[in-house]
Amino acid sequence: MSQLKQMSHIDSAPSTPGKFKMEKNSYFNRVRWHTSVAKLTLWSFVFLAAILIFFFRSPATSPIPADPSRRSLRTYSWGGSAWEKRVRSSARVRSRNGFSVLVTGAAGFVGTHVSAALKRRGDGVVGIDNFNDYYDPSLKRARQGLLERSGVYIVEGDINDDALLRKLFEVVAFTHVMHLAAQAGVRYAMENPGSYVHSNIAGFVNLLEVCKSVNPQPAIVWASSSSVYGLNTKVPFSEKDRTDQPASLYAATKKAGEEIAHTYNHIYGLSLTGLRFFTVYGPWGRPDMAYFFFTRDILKGKAIPIFEAANHGTVARDFTYIDDIVRGCLGALDTAEKSTGSGGKKRGPAQLRVFNLGNTSPVPVSELVSILERLLKVKAKRNIMRLPRNGDVQFTHANISYAQRELGYKPTTDLSNGLKKFVRWYLNYYSGGKKAVE
(Lines give C-alpha, C1' and ligand atoms only; values in the text may rest on other atoms or scores of the structure.)
Protein backbone atom coordinates (compact mmCIF):
# COMPACT_ATOMS: atom_id res chain seq x y z
CA MET A 1 0.00 0.00 0.00
CA SER A 2 4.83 6.67 -0.48
CA GLN A 3 7.04 9.40 0.02
CA LEU A 4 10.63 10.08 -0.78
CA LYS A 5 11.89 12.57 -3.31
CA GLN A 6 15.47 13.58 -3.37
CA MET A 7 16.56 16.95 -4.59
CA SER A 8 19.99 18.33 -5.20
CA HIS A 9 21.07 21.94 -5.23
CA ILE A 10 24.23 24.01 -5.58
CA ASP A 11 25.17 26.66 -3.05
CA SER A 12 27.48 29.38 -4.22
CA ALA A 13 29.25 31.52 -1.63
CA PRO A 14 30.35 35.10 -2.22
CA SER A 15 33.74 35.15 -3.97
CA THR A 16 35.02 38.25 -2.16
CA PRO A 17 33.44 38.49 1.28
CA GLY A 18 34.10 41.41 3.62
CA LYS A 19 34.46 45.14 3.19
CA PHE A 20 36.92 46.92 0.95
CA LYS A 21 37.89 50.51 0.30
CA MET A 22 36.79 52.02 -3.01
CA GLU A 23 39.81 53.12 -5.10
CA LYS A 24 39.61 56.45 -6.86
CA ASN A 25 41.85 55.26 -9.66
CA SER A 26 39.67 54.18 -12.60
CA TYR A 27 42.29 51.68 -13.72
CA PHE A 28 41.89 49.64 -10.56
CA ASN A 29 38.11 49.96 -10.86
CA ARG A 30 38.28 48.48 -14.36
CA VAL A 31 40.52 45.66 -13.12
CA ARG A 32 38.10 44.82 -10.34
CA TRP A 33 35.18 45.02 -12.76
CA HIS A 34 36.84 42.65 -15.22
CA THR A 35 37.79 40.34 -12.34
CA SER A 36 34.17 40.28 -11.14
CA VAL A 37 32.91 39.60 -14.64
CA ALA A 38 35.39 36.76 -14.99
CA LYS A 39 34.31 35.22 -11.70
CA LEU A 40 30.65 35.66 -12.55
CA THR A 41 31.25 33.99 -15.91
CA LEU A 42 33.13 31.14 -14.24
CA TRP A 43 30.37 30.48 -11.71
CA SER A 44 27.75 30.71 -14.48
CA PHE A 45 29.53 27.98 -16.42
CA VAL A 46 29.83 25.86 -13.27
CA PHE A 47 26.12 26.29 -12.55
CA LEU A 48 25.15 25.52 -16.15
CA ALA A 49 27.35 22.43 -16.16
CA ALA A 50 25.71 21.22 -12.97
CA ILE A 51 22.27 21.65 -14.52
CA LEU A 52 23.29 19.77 -17.64
CA ILE A 53 24.75 16.92 -15.60
CA PHE A 54 21.61 16.70 -13.44
CA PHE A 55 19.15 16.60 -16.33
CA PHE A 56 21.08 14.55 -18.86
CA ARG A 57 22.75 11.94 -16.72
CA SER A 58 21.97 8.37 -17.70
CA PRO A 59 19.23 6.64 -15.65
CA ALA A 60 21.17 3.40 -16.03
CA THR A 61 24.18 4.77 -14.18
CA SER A 62 22.31 7.05 -11.75
CA PRO A 63 19.00 5.43 -10.87
CA ILE A 64 16.36 7.60 -9.26
CA PRO A 65 15.31 6.24 -5.85
CA ALA A 66 11.99 4.42 -5.98
CA ASP A 67 9.00 6.38 -4.77
CA PRO A 68 6.67 3.87 -3.06
CA SER A 69 3.63 6.12 -3.59
CA ARG A 70 4.02 5.64 -7.36
CA ARG A 71 5.13 2.03 -7.41
CA SER A 72 1.86 0.96 -9.05
CA LEU A 73 2.57 3.10 -12.13
CA ARG A 74 5.15 0.68 -13.49
CA THR A 75 4.70 -0.54 -17.03
CA TYR A 76 2.39 -3.51 -17.58
CA SER A 77 2.08 -5.70 -20.62
CA TRP A 78 -1.42 -6.05 -22.06
CA GLY A 79 -3.20 -6.12 -25.40
CA GLY A 80 -3.09 -8.30 -28.47
CA SER A 81 -5.43 -10.92 -29.90
CA ALA A 82 -4.45 -13.65 -27.40
CA TRP A 83 -4.95 -11.26 -24.49
CA GLU A 84 -8.35 -10.15 -25.79
CA LYS A 85 -9.42 -13.77 -26.26
CA ARG A 86 -8.50 -14.53 -22.67
CA VAL A 87 -10.43 -11.51 -21.40
CA ARG A 88 -13.54 -12.47 -23.39
CA SER A 89 -13.38 -16.06 -22.19
CA SER A 90 -13.18 -14.99 -18.55
CA ALA A 91 -16.07 -12.53 -19.05
CA ARG A 92 -18.38 -15.11 -20.68
CA VAL A 93 -21.69 -15.37 -18.81
CA ARG A 94 -22.73 -18.97 -18.16
CA SER A 95 -26.05 -18.51 -16.39
CA ARG A 96 -29.39 -17.11 -17.50
CA ASN A 97 -29.64 -13.40 -16.69
CA GLY A 98 -26.06 -13.43 -15.41
CA PHE A 99 -23.81 -10.39 -15.21
CA SER A 100 -20.49 -9.58 -16.79
CA VAL A 101 -18.48 -8.00 -13.97
CA LEU A 102 -15.18 -6.14 -13.90
CA VAL A 103 -13.69 -6.64 -10.42
CA THR A 104 -10.95 -4.18 -9.48
CA GLY A 105 -8.53 -5.29 -6.78
CA ALA A 106 -9.37 -8.87 -7.71
CA ALA A 107 -6.21 -10.31 -6.15
CA GLY A 108 -7.01 -8.64 -2.85
CA PHE A 109 -8.68 -10.29 0.12
CA VAL A 110 -12.30 -9.31 -0.56
CA GLY A 111 -11.75 -9.18 -4.32
CA THR A 112 -10.67 -12.81 -4.48
CA HIS A 113 -13.66 -14.07 -2.52
CA VAL A 114 -16.18 -11.95 -4.46
CA SER A 115 -14.70 -12.97 -7.82
CA ALA A 116 -14.85 -16.65 -6.92
CA ALA A 117 -18.45 -16.37 -5.72
CA LEU A 118 -19.53 -14.59 -8.90
CA LYS A 119 -17.86 -17.20 -11.06
CA ARG A 120 -19.45 -20.06 -9.12
CA ARG A 121 -22.94 -18.77 -9.80
CA GLY A 122 -22.28 -18.35 -13.52
CA ASP A 123 -21.45 -14.68 -13.92
CA GLY A 124 -18.67 -13.54 -16.24
CA VAL A 125 -15.75 -12.12 -14.27
CA VAL A 126 -12.61 -10.26 -15.30
CA GLY A 127 -10.27 -8.97 -12.62
CA ILE A 128 -7.69 -6.21 -12.58
CA ASP A 129 -4.96 -5.75 -9.97
CA ASN A 130 -1.59 -4.02 -9.80
CA PHE A 131 -0.07 -6.55 -7.35
CA ASN A 132 1.72 -3.84 -5.38
CA ASP A 133 3.90 -4.65 -2.39
CA TYR A 134 1.92 -3.02 0.42
CA TYR A 135 1.96 -6.54 1.82
CA ASP A 136 3.54 -9.78 0.60
CA PRO A 137 2.80 -10.00 -3.15
CA SER A 138 3.25 -13.80 -3.04
CA LEU A 139 -0.05 -14.04 -1.16
CA LYS A 140 -1.73 -12.06 -3.93
CA ARG A 141 -0.15 -14.34 -6.51
CA ALA A 142 -1.47 -17.37 -4.63
CA ARG A 143 -4.95 -15.86 -4.71
CA GLN A 144 -4.49 -15.22 -8.42
CA GLY A 145 -3.68 -18.88 -8.94
CA LEU A 146 -6.79 -19.84 -7.00
CA LEU A 147 -8.97 -17.71 -9.26
CA GLU A 148 -7.32 -18.80 -12.49
CA ARG A 149 -8.04 -22.41 -11.63
CA SER A 150 -11.72 -21.45 -11.43
CA GLY A 151 -11.62 -19.62 -14.75
CA VAL A 152 -11.15 -16.01 -13.64
CA TYR A 153 -8.49 -14.04 -15.49
CA ILE A 154 -6.82 -11.16 -13.61
CA VAL A 155 -5.36 -8.46 -15.84
CA GLU A 156 -2.20 -7.05 -14.31
CA GLY A 157 -2.60 -3.30 -14.47
CA ASP A 158 -3.51 -0.12 -12.62
CA ILE A 159 -6.92 1.54 -12.37
CA ASN A 160 -5.17 4.84 -13.10
CA ASP A 161 -4.32 3.49 -16.56
CA ASP A 162 -7.02 5.13 -18.66
CA ALA A 163 -6.03 3.33 -21.87
CA LEU A 164 -6.20 -0.09 -20.21
CA LEU A 165 -9.64 0.49 -18.70
CA ARG A 166 -11.02 1.78 -21.99
CA LYS A 167 -9.58 -1.23 -23.80
CA LEU A 168 -11.23 -3.61 -21.35
CA PHE A 169 -14.62 -1.96 -21.95
CA GLU A 170 -13.96 -2.09 -25.68
CA VAL A 171 -13.37 -5.83 -25.49
CA VAL A 172 -16.24 -6.55 -23.03
CA ALA A 173 -19.46 -4.60 -22.47
CA PHE A 174 -19.44 -5.04 -18.69
CA THR A 175 -22.87 -4.75 -17.09
CA HIS A 176 -21.39 -4.17 -13.63
CA VAL A 177 -18.21 -3.02 -11.94
CA MET A 178 -17.27 -4.25 -8.47
CA HIS A 179 -14.68 -1.68 -7.43
CA LEU A 180 -12.57 -3.08 -4.59
CA ALA A 181 -9.13 -1.75 -5.54
CA ALA A 182 -7.83 0.62 -2.86
CA GLN A 183 -4.89 1.45 -0.66
CA ALA A 184 -5.98 -0.12 2.62
CA GLY A 185 -4.78 0.34 6.18
CA VAL A 186 -5.22 3.15 8.68
CA ARG A 187 -1.71 3.45 10.14
CA TYR A 188 0.20 3.14 6.87
CA ALA A 189 -1.22 6.49 5.77
CA MET A 190 1.22 8.19 8.14
CA GLU A 191 4.13 6.61 6.24
CA ASN A 192 2.87 6.81 2.67
CA PRO A 193 0.05 9.35 2.28
CA GLY A 194 0.50 9.68 -1.48
CA SER A 195 -0.50 6.09 -2.12
CA TYR A 196 -3.94 6.75 -0.63
CA VAL A 197 -4.58 9.74 -2.87
CA HIS A 198 -3.25 7.82 -5.88
CA SER A 199 -5.46 4.76 -5.41
CA ASN A 200 -8.50 5.85 -3.42
CA ILE A 201 -9.15 9.20 -5.06
CA ALA A 202 -7.33 9.49 -8.40
CA GLY A 203 -7.91 5.82 -9.24
CA PHE A 204 -11.61 6.02 -8.39
CA VAL A 205 -12.07 9.18 -10.46
CA ASN A 206 -10.29 7.60 -13.42
CA LEU A 207 -12.55 4.54 -13.22
CA LEU A 208 -15.67 6.70 -13.06
CA GLU A 209 -14.46 8.80 -15.99
CA VAL A 210 -14.22 5.66 -18.10
CA CYS A 211 -17.55 4.28 -16.87
CA LYS A 212 -19.42 7.52 -17.60
CA SER A 213 -18.27 7.54 -21.22
CA VAL A 214 -18.91 3.93 -22.25
CA ASN A 215 -22.21 2.83 -23.71
CA PRO A 216 -24.01 1.22 -22.00
CA GLN A 217 -22.79 2.55 -18.68
CA PRO A 218 -22.27 -0.18 -16.06
CA ALA A 219 -23.82 -0.17 -12.60
CA ILE A 220 -21.05 0.27 -10.00
CA VAL A 221 -20.74 -1.22 -6.53
CA TRP A 222 -17.69 -0.04 -4.62
CA ALA A 223 -15.97 -0.44 -1.27
CA SER A 224 -16.18 2.48 1.11
CA SER A 225 -15.29 1.83 4.76
CA SER A 226 -16.61 1.96 8.30
CA SER A 227 -13.65 4.30 8.93
CA VAL A 228 -15.74 7.17 7.53
CA TYR A 229 -17.57 7.33 10.87
CA GLY A 230 -14.32 8.58 12.39
CA LEU A 231 -14.81 10.31 15.72
CA ASN A 232 -18.56 9.70 15.76
CA THR A 233 -19.61 8.59 19.25
CA LYS A 234 -23.21 7.59 18.51
CA VAL A 235 -23.55 3.80 18.34
CA PRO A 236 -24.40 1.70 16.51
CA PHE A 237 -23.22 3.56 13.43
CA SER A 238 -26.04 4.29 10.99
CA GLU A 239 -25.77 5.39 7.37
CA LYS A 240 -27.58 8.58 8.42
CA ASP A 241 -24.93 9.52 11.01
CA ARG A 242 -22.40 12.28 10.39
CA THR A 243 -19.22 11.28 8.60
CA ASP A 244 -17.40 14.61 8.54
CA GLN A 245 -14.86 13.88 11.29
CA PRO A 246 -12.37 11.36 9.83
CA ALA A 247 -9.70 10.14 12.22
CA SER A 248 -7.23 9.09 9.50
CA LEU A 249 -6.20 9.95 5.97
CA TYR A 250 -7.51 6.56 4.86
CA ALA A 251 -10.93 7.47 6.24
CA ALA A 252 -10.76 10.89 4.59
CA THR A 253 -10.07 9.36 1.18
CA LYS A 254 -12.98 6.96 1.57
CA LYS A 255 -15.26 9.83 2.59
CA ALA A 256 -13.99 11.74 -0.44
CA GLY A 257 -14.93 8.70 -2.53
CA GLU A 258 -18.51 8.90 -1.30
CA GLU A 259 -18.72 12.57 -2.28
CA ILE A 260 -17.15 11.82 -5.67
CA ALA A 261 -19.71 9.04 -6.20
CA HIS A 262 -22.51 11.51 -5.47
CA THR A 263 -21.08 13.91 -8.04
CA TYR A 264 -20.83 11.35 -10.85
CA ASN A 265 -24.28 10.05 -10.05
CA HIS A 266 -25.74 13.56 -10.15
CA ILE A 267 -24.00 14.76 -13.31
CA TYR A 268 -23.60 11.63 -15.42
CA GLY A 269 -26.34 9.26 -14.26
CA LEU A 270 -24.04 6.52 -12.98
CA SER A 271 -25.71 3.97 -10.69
CA LEU A 272 -23.47 3.81 -7.60
CA THR A 273 -23.68 1.73 -4.42
CA GLY A 274 -21.11 2.22 -1.67
CA LEU A 275 -20.45 -0.49 0.93
CA ARG A 276 -19.01 0.43 4.32
CA PHE A 277 -17.14 -2.71 5.38
CA PHE A 278 -16.60 -3.34 9.11
CA THR A 279 -13.29 -5.11 9.97
CA VAL A 280 -13.41 -7.99 7.51
CA TYR A 281 -11.52 -11.18 8.45
CA GLY A 282 -11.18 -14.75 7.28
CA PRO A 283 -9.11 -17.14 5.12
CA TRP A 284 -6.81 -15.51 2.55
CA GLY A 285 -6.95 -12.32 4.61
CA ARG A 286 -4.61 -9.34 4.79
CA PRO A 287 -1.39 -9.77 6.82
CA ASP A 288 -1.61 -6.18 8.11
CA MET A 289 -4.83 -6.91 10.01
CA ALA A 290 -4.60 -7.55 13.76
CA TYR A 291 -6.16 -11.04 13.77
CA PHE A 292 -3.65 -12.09 11.08
CA PHE A 293 -0.42 -10.79 12.60
CA PHE A 294 -1.58 -11.73 16.10
CA THR A 295 -1.79 -15.34 14.88
CA ARG A 296 1.67 -15.12 13.35
CA ASP A 297 3.30 -13.56 16.41
CA ILE A 298 1.59 -15.82 18.94
CA LEU A 299 2.96 -18.84 17.09
CA LYS A 300 6.44 -17.24 17.04
CA GLY A 301 6.31 -16.45 20.75
CA LYS A 302 6.48 -12.72 20.13
CA ALA A 303 4.62 -10.16 22.23
CA ILE A 304 1.50 -8.68 20.68
CA PRO A 305 0.19 -5.15 21.35
CA ILE A 306 -3.21 -4.94 23.02
CA PHE A 307 -4.46 -1.37 22.87
CA GLU A 308 -6.69 0.21 25.46
CA ALA A 309 -8.33 3.61 25.42
CA ALA A 310 -8.05 6.33 28.05
CA ASN A 311 -8.87 5.25 31.61
CA HIS A 312 -8.34 1.60 30.62
CA GLY A 313 -11.20 1.80 28.15
CA THR A 314 -11.99 -1.23 26.00
CA VAL A 315 -11.06 -1.23 22.32
CA ALA A 316 -13.60 -3.25 20.32
CA ARG A 317 -14.31 -4.02 16.69
CA ASP A 318 -17.35 -5.22 14.75
CA PHE A 319 -15.49 -8.18 13.19
CA THR A 320 -17.29 -9.38 10.05
CA TYR A 321 -16.54 -12.73 8.42
CA ILE A 322 -15.63 -12.70 4.75
CA ASP A 323 -18.49 -14.97 3.62
CA ASP A 324 -21.00 -12.55 5.13
CA ILE A 325 -19.33 -9.64 3.34
CA VAL A 326 -19.44 -11.54 0.04
CA ARG A 327 -23.17 -12.12 0.40
CA GLY A 328 -23.61 -8.40 0.99
CA CYS A 329 -21.58 -7.57 -2.11
CA LEU A 330 -23.59 -9.93 -4.27
CA GLY A 331 -26.81 -8.56 -2.82
CA ALA A 332 -25.71 -5.05 -3.76
CA LEU A 333 -24.91 -6.17 -7.32
CA ASP A 334 -28.21 -8.02 -7.67
CA THR A 335 -30.27 -5.01 -6.57
CA ALA A 336 -28.26 -2.37 -8.43
CA GLU A 337 -30.33 -0.53 -11.00
CA LYS A 338 -29.00 0.36 -14.43
CA SER A 339 -27.12 3.61 -14.94
CA THR A 340 -29.14 6.20 -16.83
CA GLY A 341 -26.46 8.04 -18.77
CA SER A 342 -25.38 7.62 -22.36
CA GLY A 343 -22.40 9.11 -24.15
CA GLY A 344 -21.33 10.85 -20.98
CA LYS A 345 -24.70 12.58 -20.54
CA LYS A 346 -27.32 11.92 -17.88
CA ARG A 347 -30.74 10.87 -19.22
CA GLY A 348 -32.59 10.58 -15.92
CA PRO A 349 -32.25 10.09 -12.15
CA ALA A 350 -29.93 7.22 -11.20
CA GLN A 351 -29.65 5.04 -8.12
CA LEU A 352 -27.29 6.20 -5.35
CA ARG A 353 -26.94 4.11 -2.18
CA VAL A 354 -24.60 3.42 0.72
CA PHE A 355 -24.84 0.46 3.12
CA ASN A 356 -23.17 -0.74 6.30
CA LEU A 357 -21.92 -4.32 6.07
CA GLY A 358 -21.00 -5.44 9.57
CA ASN A 359 -21.77 -8.16 12.09
CA THR A 360 -23.58 -5.94 14.65
CA SER A 361 -21.71 -7.66 17.51
CA PRO A 362 -18.59 -5.70 18.57
CA VAL A 363 -15.97 -7.84 20.33
CA PRO A 364 -13.13 -6.50 22.53
CA VAL A 365 -9.72 -7.04 20.98
CA SER A 366 -8.63 -8.79 24.19
CA GLU A 367 -11.34 -11.41 23.59
CA LEU A 368 -10.12 -11.88 20.03
CA VAL A 369 -6.72 -12.77 21.48
CA SER A 370 -8.27 -15.21 23.95
CA ILE A 371 -10.05 -17.02 21.10
CA LEU A 372 -6.81 -17.27 19.15
CA GLU A 373 -5.04 -18.67 22.23
CA ARG A 374 -7.59 -21.45 22.48
CA LEU A 375 -7.42 -22.29 18.77
CA LEU A 376 -3.62 -22.19 18.56
CA LYS A 377 -3.11 -23.79 21.99
CA VAL A 378 -0.45 -21.20 22.71
CA LYS A 379 -0.49 -18.55 25.41
CA ALA A 380 -0.07 -15.05 23.98
CA LYS A 381 2.44 -12.60 25.37
CA ARG A 382 0.27 -9.53 25.80
CA ASN A 383 1.75 -6.06 25.78
CA ILE A 384 -0.93 -3.65 27.02
CA MET A 385 -0.49 -0.26 25.36
CA ARG A 386 -2.29 3.06 25.14
CA LEU A 387 -4.26 3.46 21.90
CA PRO A 388 -2.02 5.66 19.74
CA ARG A 389 -3.27 8.71 17.89
CA ASN A 390 -2.47 7.32 14.47
CA GLY A 391 -5.96 7.01 13.03
CA ASP A 392 -7.31 4.09 15.06
CA VAL A 393 -10.64 4.57 16.84
CA GLN A 394 -11.82 2.97 20.07
CA PHE A 395 -14.76 1.03 18.69
CA THR A 396 -16.87 0.23 15.64
CA HIS A 397 -20.44 -1.04 15.64
CA ALA A 398 -22.67 -1.36 12.57
CA ASN A 399 -26.37 -0.77 12.32
CA ILE A 400 -27.27 -3.06 9.40
CA SER A 401 -31.04 -2.60 9.31
CA TYR A 402 -30.91 -0.80 5.95
CA ALA A 403 -28.83 -3.57 4.34
CA GLN A 404 -31.14 -6.19 5.85
CA ARG A 405 -34.17 -4.49 4.35
CA GLU A 406 -32.75 -3.67 0.89
CA LEU A 407 -30.18 -6.42 0.29
CA GLY A 408 -31.48 -9.26 2.43
CA TYR A 409 -28.16 -9.05 4.28
CA LYS A 410 -27.91 -11.22 7.36
CA PRO A 411 -24.53 -12.16 8.85
CA THR A 412 -24.38 -15.70 10.19
CA THR A 413 -20.80 -16.26 11.40
CA ASP A 414 -19.69 -15.29 14.89
CA LEU A 415 -16.07 -14.50 15.73
CA SER A 416 -15.25 -17.87 17.30
CA ASN A 417 -16.37 -19.87 14.28
CA GLY A 418 -14.89 -17.40 11.84
CA LEU A 419 -11.49 -17.43 13.52
CA LYS A 420 -11.56 -21.22 13.62
CA LYS A 421 -11.87 -21.25 9.83
CA PHE A 422 -9.14 -18.63 9.49
CA VAL A 423 -6.70 -20.46 11.76
CA ARG A 424 -7.28 -23.71 9.88
CA TRP A 425 -6.45 -21.95 6.62
CA TYR A 426 -3.45 -20.15 8.14
CA LEU A 427 -1.84 -23.30 9.48
CA ASN A 428 -2.40 -25.10 6.21
CA TYR A 429 -1.07 -22.24 4.09
CA TYR A 430 2.00 -21.39 6.17
CA SER A 431 2.76 -24.66 7.96
CA GLY A 432 1.67 -27.30 5.51
CA GLY A 433 -1.19 -28.36 7.76
CA LYS A 434 1.09 -29.80 10.45
CA LYS A 435 -1.15 -28.48 13.23
CA ALA A 436 -4.84 -29.06 13.67
CA VAL A 437 -7.57 -26.96 15.19
CA GLU A 438 -10.09 -28.73 17.31
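What you see is a predicted model; the values in this text were computed from it and never measured.

Each value, and the rule that gives it
- Residue positions are given per chain, counted from 1 along the sequence in the order it is written.
- Thresholds applied to this predicted model are a pLDDT of at least 70 for local features of residues and 80 or more for the giving and counting of side-chain atom pairs; totals over whole chains, interfaces and linings are not thresholded and use all residues.
- Side-chain metrics in this entry use all non-hydrogen atoms of the structure; hydrogen atoms and water are not considered.
- Just to be clear on terms, a salt bridge is a Lys or Arg side-chain nitrogen sitting within 4 Å of an Asp or Glu carboxyl oxygen.
- By the criteria applied, helices consist of DSSP H or I runs no shorter than four residues and strands consist of E runs no shorter than two, each listed in order from the N terminus.
- With a 1.4 Å probe rolled over the protein chains alone, any residue whose accessible area is under 20% of its type maximum counts as buried; one over 50% counts as exposed, and the rest are partly exposed.
- In short, DSSP must find at least two bridges between two strands for them to pair.
- Axis angles are defined between N-to-C directions and span 0 to 180 degrees, where every axis is a line fitted to C-alpha atoms and, for a helix, only to the segment in contact.
- The contact definition used throughout considers only heavy atoms, calling two residues in contact when any of these lie within 4.5 Å.
- Note on angle classes: values under 35 degrees are labelled roughly parallel, values over 145 roughly antiparallel, values of 65 to 115 roughly perpendicular, and the remainder oblique.
- Note on convention: the crossing is left-handed when the near helix lies turned anticlockwise from the far helix by less than a right angle, right-handed when the turn is clockwise.
- Ten residue types, Ala, Val, Leu, Ile, Met, Phe, Trp, Tyr, Cys and Pro, are classed as nonpolar, four, Asp, Glu, Lys and Arg, as charged, and the remainder, Gly among them, as polar.
- Pairs of N or O atoms within 3.5 Å make up the polar contacts considered here, provided that, within protein, one atom can donate a hydrogen while the other can accept it, and that residues adjacent in sequence are counted only when both atoms are side-chain atoms.
- In this analysis, the expected span of each helix is defined as 1.5 Å times one less than the number of residues it contains.
- When two rings of Phe, Tyr or Trp (its six-membered ring) have centres within 6.5 Å they constitute a pair, described as stacked for plane angles under 30 degrees, edge-to-face for angles over 60, and tilted for the intermediate range.
- Only when the NZ atom of a Lys or the CZ atom of an Arg is both within 6 Å of the ring centre and within 35 degrees of the ring normal do we say a charge sits over the ring.
- The predictor's confidence in any single residue is recorded as pLDDT, a number from 0 to 100.

**Things to note about the pattern of salt bridges**
Part 1: Tallied over the entire structure, the rule returns 18 salt bridges.
Part 2: The residue arginine 121 makes a salt bridge to aspartate 334 at a minimum N-O spacing of 2.7 Å. Separated by 213 residues along the polypeptide, arginine 121 in the loop between helix H3 (109-120) and strand E2 (124-129) and aspartate 334 in helix H9 (residues 322-335) bring together distant segments of the chain.
Part 3: Aspartate 244 is the salt-bridge partner of arginine 242, the closest N and O atoms lying 2.8 Å from each other.
Part 4: Note on arginine 242: relative accessible area 46%, which makes it partly exposed.
Part 5: Among the charged side chains, a network of salt bridges with common partners joins Glu84, Arg88, Lys167 and Glu170.

**Observations regarding the sheet that holds E2**
Part 1: What the 7 strands build is an open sheet, ordered E3-E2-E1-E4-E5-E6-E13; its pairing is parallel. Of all the strands in the sheet, the pair left with one neighbour each is strand E3 (153-156) and strand E13 (352-357). In this sheet, neighbouring strand axes are inclined to one another by 20 degrees on average, regardless of whether the strands run parallel or antiparallel.
Part 2: Pairing between strand E1 (residues 100-104) and strand E4 (residues 176-179): 4 bridges, direction parallel.

**Concerning the side chain of serine 224**
Part 1: Mapped onto the fold, serine 224 is located in the loop between strand E5 (219-223) and helix H7 (249-268).
Part 2: Sequence-distant contacts of serine 224, defined by excluding residues within four places in its chain, comprise Lys254, Glu258, Leu275, Arg276 and Phe277.

**With respect to the packing of helix H8 (residues 290-300) against helix H12 (residues 415-431)**
Packed helices, taken two at a time, are described by the angle between their axes plus the distance between the axes.
Part 1: Contact geometry for H8 and H12: axes closest at 11 Å, N-to-C directions at 55 degrees. On the basis of the axis angle, H8 is oblique to H12. For H8 against H12, the interelement crossing comes out right-handed. Across the interface between the two elements, Tyr291, Phe292, Thr295, Arg296 and Leu299 of H8 pack against Leu419, Phe422, Trp425, Tyr426, Leu427 and Tyr430 of H12.
Part 2: Looking at side-chain class alone, the contact of H8 with H12 contains 9 nonpolar, 1 polar and 1 charged residues.

**What about the side chain of aspartate 123?**
Part 1: Summarising the element assignment, aspartate 123 is placed in the loop between H3 and E2.
Part 2: Of the polar contacts made by the side chain of aspartate 123, one reaches the side chain of arginine 121; its length is 2.5 Å.
Part 3: For aspartate 123, the residues in contact, after removing those within four places along its chain, are Arg92, Ser95, Gly98, Phe99 and Leu118.

**Examining helix H4 (residues 137-149)**
Part 1: The terminal C-alpha atoms of H4, which comprises 13 residues, lie 19 Å apart, in line with the 18 Å expected from a rise of 1.5 Å per residue.
Part 2: Along H4, the positions that sit buried rather than exposed are Leu139, Lys140, Arg143, Gln144, Gly145 and Leu147.
Part 3: Positive phi appears at glycine 151, one or two residues downstream of H4, with a value of about 95 degrees.

**Points about H12**
Each α-helix winds once per 3.6 residues, and so residues spaced three or four apart point in a common direction.
Part 1: Look at H12: 23 Å from first C-alpha to last across 17 residues, which is about the 24 Å you get at 1.5 Å a residue.
Part 2: Turning to H12, its buried residues are Leu415, Gly418, Leu419, Phe422, Val423, Trp425, Tyr426 and Leu427.
Part 3: For H12, the elements touching its buried residues are H4, strand E7 (280-281), H8, strand E10 (320-321), strand E14 (363-364) and helix H10 (365-376).

**A closer look at the environment of glutamine 351**
Part 1: Secondary-structure assignment places glutamine 351 in the loop between strand E12 (345-346) and E13.
Part 2: By relative accessible area, which is 12% here, glutamine 351 ends up buried.
Part 3: Along the backbone, glutamine 351 and lysine 338 are 13 residues apart, and their C-alpha atoms lie at a distance of 7.9 Å.
Part 4: Beyond its immediate chain neighbours, meaning those up to four positions away, glutamine 351 contacts Asn265, Leu270, Ser271, Leu272, Thr273, Thr335, Ala336 and Glu337.
Part 5: Within the structure, glutamine 351 has its side chain in polar contact with the backbone oxygen of threonine 335 (distance 3.5 Å).

**Digging into the packing of aromatic side chains**
Part 1: A full pass over the atoms with the stated rule returns 31 aromatic pairs.
Part 2: Relative to phenylalanine 174, the ring of phenylalanine 169 has its centre 5.3 Å away and its plane inclined at 80 degrees; by these criteria the two rings are edge-to-face.
Part 3: A relative accessible area of 10% means that phenylalanine 169 is categorised as buried.
Part 4: Note on phenylalanine 293 and phenylalanine 294: the rings are 5.3 Å apart at their centroids and 85 degrees apart in plane angle, and the pair reads as edge-to-face.
Part 5: Residue class for phenylalanine 294 comes out buried when judged on its relative accessible area of 2%.
Part 6: Each residue in the set Tyr281, Trp284, Tyr291, Phe292, Phe319, Tyr321, Phe422, Trp425, Tyr426, Tyr429 and Tyr430 is aromatic and connected to the rest through ring pairs, giving one cluster.
Part 7: Across the ring face of tyrosine 135, the terminal group of lysine 140 is positioned such that the distance to the ring centre comes to 4.6 Å.
Part 8: Sitting above the plane of the phenylalanine 131 ring, arginine 141 keeps its charged end 3.7 Å from the centroid.

**Observations regarding the confidence of the model for the protein**
Part 1: Taken over all residues, the pLDDT of the protein has a mean of 84, while the share at 70 or more is 80%.
Part 2: This model gives residues 1-73 a pLDDT under 50, and the stretch forms 59 contacts once residues within four places in sequence are excluded.
Part 3: Considering only residues more than four positions removed or in separate chains, one finds that residues 433-438, a stretch of pLDDT under 50, has 11 contacts.

**Side note on unusual backbone geometry**
Part 1: The step from asparagine 215 to proline 216 runs through a cis peptide bond, and the omega angle for that step is 5 degrees.
Part 2: Within the element layout of this structure, proline 216 appears in the loop between helix H6 (193-213) and E5.
Part 3: Following valine 235, the chain continues into proline 236 via a peptide bond in cis, with omega recorded as -5 degrees.
Part 4: Its identity is not glycine, yet threonine 279 carries a phi of approximately 35 degrees, on the positive side.

**Here's the deal with the environment of arginine 141**
Part 1: With respect to the helices, strands and loops of the structure, arginine 141 is situated in helix H4.
Part 2: With a relative accessible area of 35%, arginine 141 lands in the partly exposed category.
Part 3: The contact partners of arginine 141, leaving out residues within four places of it in the chain, are Phe131 and Glu156.

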